[in-house]
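Listed below, chain by chain, are the residues.
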Amino acid sequence: MKKIVANFKMNKTPSEVKQYLMTLVPRFDKAENIDLCLCLPYTSLSEAKYLLKGYPVKLGAQNLSECEAGGNTGEISGAMLKDVGVDSVIIGHSERRSRFKENSKIINKKIKIALKNRLNVILCVGESLAEKNTLKTLDTLREQIEEALKGLYENELESITIAYEPIWAIGTGKNATPREIEYAVKVIRKVVEDDFSTKASKEICVLYGGSVTNKNVASIIKAKGVDGALIGGASLDANMFLNILSLI
Ligand code: 13P
């Protein structure tokens, strides 16, 4: 079964999300071969919980606080997400790393707090264009994964999905080729093998994200070692997204 995650980013008001879900959800008929999760803005989670009731579509969030509760004005806790019906949360997206200065220490804390609240994690990793051009993809991926998963027990990896999202491919229309994806996924699994076990490296779910569209999804999803895709822009139009889902 392939896993497809939509990341809406900071798009769509609650009314727009409602409209979107009413279009997409009743027409999603690939539940037997797609594990689908929609990572919506915080403001839509509550209503989406009711709209998705009885449908095989999981609810996801795009971030959470690394703190428990209390004096953290404007933040959203793991417990809040769990209570509103969230299944999975994206952590370490490159937009949060670069624009909101989330370093590896914060990402590691966020993962631990998510797990403590029984939330699944979609950990994003990926190299910049400069790192790619100087052949540093391997080092970057290794460092990002090792720092993020520091202190975790092997059995906790069941709740972790790693999304390979090269920064240069996000929102640029330039997707990584299946060969580049296969290389990165191999590196990711090797790091998991070195730090945990061969079993863990085989079992961990690895996705690709970065300019996935209806034109390239079929070949990306077929790349060796790839368990699914994390889709941004192309998930925002319900009909386009249904088309993508139909190609898997
Ligand atoms: P795009 O699909 O718009 O390139 O975004 C990818 C992404 O960042 C998903 O998290």
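Above: the structure in question.
What comes next is a walk through the structure. (Residues numbered from 1 in each chain as written. Predicted model: local features only at pLDDT ≥ 70, side-chain atom pairs only at ≥ 80, totals over all residues. Heavy atoms only, no water.)

## Details of the overall build of the chain
So, step 1. Looking only at helices and strands, the chain features eleven helices and eight strands.
So, step 2. In terms of overall size, the chain behaves like a compact globule, its C-alpha atoms giving a radius of gyration of 17 Å where 248 residues would be expected to give roughly 18 Å.
So, step 3. Counting across all 248 residues of the chain, residues that qualify as buried make up 50%.
So, step 4. When contacts within the chain are restricted to residue pairs at least 6 apart in sequence, long-range pairs at least 24 apart make up 71% of them.
So, step 5. Summing over all exposed atoms, the chain offers an accessible surface of approximately 12000 Å²; the carbon and sulfur share of this is 52%.
So, step 6. For the chain, the distance from the average position of its 35 positive side-chain charges to the average position of its 30 negative side-chain charges is 2 Å. (Helix = DSSP H or I, 4+ residues; strand = E, 2+ residues; numbered from the N terminus. Rg over C-alpha atoms; globule rule 2.2 N^0.38 Å. Buried < 20%, exposed > 50% of the residue type's maximum accessible area, 1.4 Å probe, protein only. Contact = heavy atoms within 4.5 Å. Areas by Shrake-Rupley, 256 points an atom, 1.4 Å probe, with all protein chains shown as cover. Lys, Arg positive; Asp, Glu negative; His and termini not counted. Charge placed at Lys NZ, Arg CZ, Asp CG, Glu CD.)

## Focus on the packing of aromatic side chains
So, step 1. Scanning the entire structure with this criterion turns up two aromatic pairs.
So, step 2. A centroid spacing of 6.1 Å and a plane angle of 55° characterise the contact between Tyr 164 and Tyr 208, whose relative ring orientation is tilted. Linking Tyr 164 in strand E6 (residues 160–164) with Tyr 208 in strand E7 (residues 205–209), this pair joins segments that are 44 residues apart in sequence. Tyr 208 carries the same exposure label as Tyr 164, and that label is buried.
So, step 3. Above the ring of Phe 100, the side-chain terminus of Arg 96 is found at 4.3 Å from the ring centroid.
So, step 4. The ring of Trp 168 carries Lys 132 above its face, with NZ or CZ at 4.8 Å from the centroid. (Phe/Tyr/Trp six-rings, centres within 6.5 Å; stacked < 30°, edge-to-face > 60°. Lys NZ or Arg CZ within 6 Å of the ring centre and 35° of its normal.)

## Some details on the environment of Ala 31
So, step 1. Looking at where Ala 31 falls in the secondary structure, it is placed in the loop between helix H1 (14–24) and strand E2 (34–39).
So, step 2. Note on Ala 31: relative accessible area 27%, which makes it partly exposed.
So, step 3. Residues Ala 31 and Met 1, spaced 30 residues apart in sequence, show a C-alpha to C-alpha distance of 9.2 Å.
So, step 4. Beyond its immediate sequence surroundings of up to four residues, Ala 31 is in contact with Met 1 and Pro 56.

## So, the sheet that holds strand E3 (residues 57–61)
So, step 1. Within the closed barrel, the eight strands sit side by side as E1-E2-E3-E4-E5-E6-E7-E8. Their pairing is parallel. Averaged over all neighbouring strand pairs, the angle between strand axes comes to 25°, with direction disregarded.
So, step 2. Here E2 runs beside E3; their pairing, made up of four bridges, is parallel. In the sheet register, Cys 39 faces E3, and the bridge partner there is Gly 60. (Pairing = 2+ DSSP bridges. Axes fitted to C-alpha atoms, helices over the stretch in contact; angles between N-to-C directions.)

## Comments concerning the packing of H1 against helix H2 (residues 42–51)
So, step 1. Relative to each other, H1 and H2 sit at 30°, their axes nearing to 9 Å. Between H1 and H2, the angle falls in the class roughly parallel. Note on packing geometry: the crossing formed by H1 with H2 is right-handed. Between H1 and H2, the residues in contact are Pro 14, Val 17, Lys 18 and Leu 21 and Thr 43, Ser 44, Glu 47, Ala 48 and Leu 51, respectively. (Parallel < 35°, antiparallel > 145°, perpendicular 65-115°, else oblique. Left-handed = near helix turned anticlockwise from the far one by under 90°.)

## Quick word on the site of the ligand
So, step 1. In the vicinity of the ligand, the contacting residues are Asn 7, Lys 9, His 93, Glu 165, Ala 169, Ile 170, Gly 171, Gly 210, Ser 211, Leu 230, Gly 232 and Gly 233.
So, step 2. Contacts to the ligand include Glu 165, whose side-chain N or O atom sits 3.0 Å from an oxygen atom.
So, step 3. The separation between an oxygen atom of the ligand and a polar main-chain atom of Gly 233 is 2.8 Å.
So, step 4. Against a free-state accessible area of 310 Å², the protein chains account for coverage of 95% of the ligand.
So, step 5. Grouping the constituent residues of the shell around the ligand by class yields three nonpolar, seven polar and two charged. (Near = heavy atom within 4 Å. Polar contact = N/O pair within 3.5 Å; in protein donor to acceptor, adjacent residues only side chain to side chain. Nonpolar A, V, L, I, M, F, W, Y, C, P; charged D, E, K, R; others polar.)

## Some points on unusual backbone geometry
So, step 1. Positive phi values are uncommon outside glycine, yet Lys 12 reaches one of about 80°.
So, step 2. If you trace the backbone, Lys 12 turns up in the loop between strand E1 (2–7) and H1.
So, step 3. Notably, Ser 211 is not glycine yet its phi reads approximately 55°, a positive angle.
So, step 4. Its relative accessible area of 16% is what places Ser 211 among the buried residues.

## Quick look at the pattern of salt bridges
So, step 1. This model, assessed by the stated rule, comprises 13 salt bridges.
So, step 2. Among the salt bridges present, the one from Glu 147 reaches Lys 150, with a minimum N-O distance of 3.6 Å.
So, step 3. Overall, Glu 147 belongs to the partly exposed group, its relative accessible area being 27%.
So, step 4. Here Arg 189 ties to Asp 227 by a salt bridge, and the two come within 3.0 Å at their closest N and O atoms. Here the residue Arg 189 occupies a position in helix H8 (residues 178–195), and Asp 227 occupies one in the loop between helix H10 (217–222) and strand E8 (228–231), the gap between them amounting to 38 residues.
So, step 5. Assessed through its relative accessible area of 15%, Arg 189 is described here as buried.
So, step 6. Given a relative accessible area of 25%, Asp 227 falls into the partly exposed group.
So, step 7. What emerges from the salt-bridge pattern is a single network uniting Arg 142, Glu 146, Lys 190 and Asp 194. (Salt bridge = Lys/Arg side-chain N within 4 Å of Asp/Glu carboxyl O.)

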